[in-house]
Amino acid sequence: MRRALLVLPLLALAACAQTADLEPAAGETLPPAPYGAQEPLDAEELLTLDPQAAPERSVELRRESEEREDDPFDLPPES
């Protein structure tokens, strides 16, 4: 058990060190081209998320203090 606890972090560290380009497994091919596309997508294009899957974050900072509107659901706790 103790040996497994020592080996586990080393395996995790080795797994995150891959720097080579992604390739399909031996004997496998990339998925077929989407409908209407001339060529199949490469690995990088398959890994890119579309904007709907990962929307941009909009951070809106307030520059001045603003009074909050009355919130009818902001009730005190029941005792």
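That block above? That's the structure.
For the structure given in this document, a descriptive report is provided here.

### With respect to the overall build of the chain
The secondary structure content of the chain amounts to two helices and zero strands. Every one of the 79 residues in the chain was classed for burial, and the buried ones make up 1%. Of the roughly 9,000 Å² of accessible surface on the chain, a fraction of 54% belongs to carbon and sulfur atoms.

### Quick look at a nonpolar patch on the surface
Together, Leu-6, Val-7 and Leu-11 make up an exposed nonpolar region whose accessible area comes to about 290 Å². If you trace the backbone, Val-7 turns up in helix α1 (residues 2-15). Residue Val-7 is classed as partly exposed on the basis of its relative accessible area of 37%.

How each quantity is defined
Residues numbered from 1 in each chain as written. Predicted model: local features only at pLDDT ≥ 70, side-chain atom pairs only at ≥ 80, totals over all residues. Heavy atoms only, no water. Helix = DSSP H or I, 4+ residues; strand = E, 2+ residues; numbered from the N terminus. Buried < 20%, exposed > 50% of the residue type's maximum accessible area, 1.4 Å probe, protein only. Areas by Shrake-Rupley, 256 points an atom, 1.4 Å probe, with all protein chains shown as cover. Patch = residues over 30% accessible without salt bridge, like charges linked within 9 Å, V, L, I, M, F, W, Y side chains within 5 Å. Salt bridge = Lys/Arg side-chain N within 4 Å of Asp/Glu carboxyl O.

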